[in-house]
Each structure stands twice: as structure tokens, then as C-alpha cells.
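# Coordinates in review
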Amino acid sequence: MSFLLPKLTSKKEVDQAIKSTAEKVLVLRFGRDDDPVCLQLDDILSKTSSDLSKMAAIYLVDVDRTPVYTHYFDISYIPSTVFFFNGQHMKVDYGSPDHTKFVGSFKTKQDFIDLVEVIYRGAMRGKLIVQSPIDPKNIPKYDLLYQDI
């Protein structure tokens, strides 16, 4: 389903999306088109994109073509989903040490819709970090790997 969503294939395109998306949540899915978990997430994103069109813009970003952002957001697991609002990186407390991105696929479409709505409402109130509405058992758990410490 990744063919249904717009792709950003360079740093310049990602920069432009971050700068130009106004009054909407910008959803950037970092991953690869041939990864099975990315395809599962892309299916959820594509099915919800029309429902969320008034409050979110969703793009797919290839980790191999945007190494600057892959390194900047420390994307070591794919898919990883990062959120912005009016050019500001939005952080979400998922109950894990990493608030900068959602790692893995959402279990249901409703989990993703709920998360985007909470980010949108929080951002409209000036918040830079929001509490995740997703049930903790629906959030994938990963061990964080710290390199070069």
C-alpha cells in the first residue's frame, strides 16, 4: 500500500515538507518499501490518510535515501514514525525512554488516529510533548542500543 502515499526521497524534500506543512500534523514514516512491517504500517497509514486529511499530512521517507535524518533521529529500527507540527518536532510519551519517535507498526487504525488527534490537540495548545493515548500493551517494546558511549 506504500504506492498510495507520497514519498520523500531526499533531504531537501523532507526539509520542504517540514517547513511547508502548516496547521497540520506532519507524519513521517521512515522505513523501506520492501520491509514487511513497513508494508503493514503503510496499509494503516493509507487507510487513515483520507480520514485525517484535515489534521495530518502523511509521507513515507526511505531510510537509505535520507541518511542525514536517519542519523539525526537515531533510526535503528524500522519502521519509525516521527511527528511534526508547524515545523516543530512533536514528542510523545509512550511510556518508554524514547519520546522522539514511534517504533514499529500500530496495532490498529484507531490507535494511529487517536495518536494523531492527541498530537494535533496538544500542538494547537502549544505543547511540545503529549501523552500517548495508545494502550501500553499495543506499543511494541524494543531494547535501546547505545553506541559510542
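Preceding this paragraph is the structure being described.
Figured I'd write up the structure that's included with this text. None of these values were measured; they are calculated from a predicted model.

When you go through the protein residue by residue, the secondary structure sums to four helices and seven strands. Listing every helix and strand of the protein by position from the N terminus yields β-α-β-α-β-α-β-β-β-α-β. Against the globule reference of 15 Å for 149 residues, the protein gives a C-alpha radius of gyration of 14 Å, in line with a compact fold. Counting only C-alpha atoms and orienting by the principal axes, one finds that the protein spans roughly 35 × 30 × 25 Å. Across the 149 residues of the protein, 44% fall into the buried class. Partitioning the intrachain contacts of the protein with sequence separation of at least 6 by distance along the chain shows that 75% fall at a separation of at least 24. Accessible surface, the protein: about 8200 Å² in total, of which carbon and sulfur atoms supply 52%. For the protein, the separation between the mean place of its 19 positive charges and that of its 20 negative charges on side chains is 5 Å.

Let's shift gears to the pairing of strand S5 (residues 88-93). Bridge count between strand S4 (residues 80-85) and S5: three bridges; the pairing is antiparallel. Across the sheet, Phe-85 pairs through a bridge with Gln-88, a residue of S5. Connecting S4 to the antiparallel partner S5 that follows it, the hairpin turn spans two residues, and Asn-86 within it adopts a positive phi of roughly 50°. As judged from the three bridges shared by S5 and strand S7 (residues 129-131), these two strands associate in the parallel manner. Note that in S7 the partner of Val-92 across the bridge is Val-130.

Right, let's talk about the environment of Leu-41 for a bit. Here Leu-41 shows up in helix H2 (residues 36-49). Spatially, the C-alpha atoms of Leu-41 and Ser-105 are 4.9 Å apart, while their sequence positions differ by 64 residues. Sequence-distant contacts of Leu-41, that is, excluding residues within four places in its chain, are made with Arg-29, Pro-79, Thr-81, Gly-104, Ser-105 and Phe-106.

It is worth spelling out helix H4 (residues 109-124) at this point. Three- or four-residue spacings in an α-helix give side chains the same orientation, since the helix completes a turn every 3.6 residues. Its 16 residues give H4 an end-to-end C-alpha distance of 23 Å, which sits within 8% of 22 Å, the value for a rise of 1.5 Å per residue. By the burial criterion, the buried members of H4 are Asp-111, Phe-112, Ile-113, Leu-115, Val-116, Ile-119, Gly-122 and Ala-123. Gly-126 occupies a position one or two residues after H4 and carries a positive phi of about 90°.

Residues Phe-83, Phe-106, Phe-112 and Val-116 are the most contacted members of the largest nonpolar core, which totals 27 residues. Among the elements of the structure, strand S2 (25-31), H2, strand S3 (56-62), S4, S5 and H4 are those that each provide at least two residues to this core. Examining the composition of this core, we find that six residues originate from one element, H4, more than from any other. Other than its neighbours up to four places away in sequence, Phe-112 contacts Val-27, Ile-44, Leu-45, Thr-48, Leu-52, Ile-58, Phe-83 and Phe-106. One finds Leu-26, Tyr-69, Phe-73 and Phe-84 within the second-largest nonpolar core, a separate group that totals 15 residues.

Thresholds, definitions, all that
Residues numbered from 1 in each chain as written. Predicted model: local features only at pLDDT ≥ 70, side-chain atom pairs only at ≥ 80, totals over all residues. Heavy atoms only, no water. Helix = DSSP H or I, 4+ residues; strand = E, 2+ residues; numbered from the N terminus. Rg over C-alpha atoms; globule rule 2.2 N^0.38 Å. Buried < 20%, exposed > 50% of the residue type's maximum accessible area, 1.4 Å probe, protein only. Contact = heavy atoms within 4.5 Å. Areas by Shrake-Rupley, 256 points an atom, 1.4 Å probe, with all protein chains shown as cover. Lys, Arg positive; Asp, Glu negative; His and termini not counted. Charge placed at Lys NZ, Arg CZ, Asp CG, Glu CD. Pairing = 2+ DSSP bridges. Expected span 1.5 Å × (residues − 1). Core = buried A, V, L, I, M, F, W, Y, C linked by side-chain atoms within 4.5 Å.

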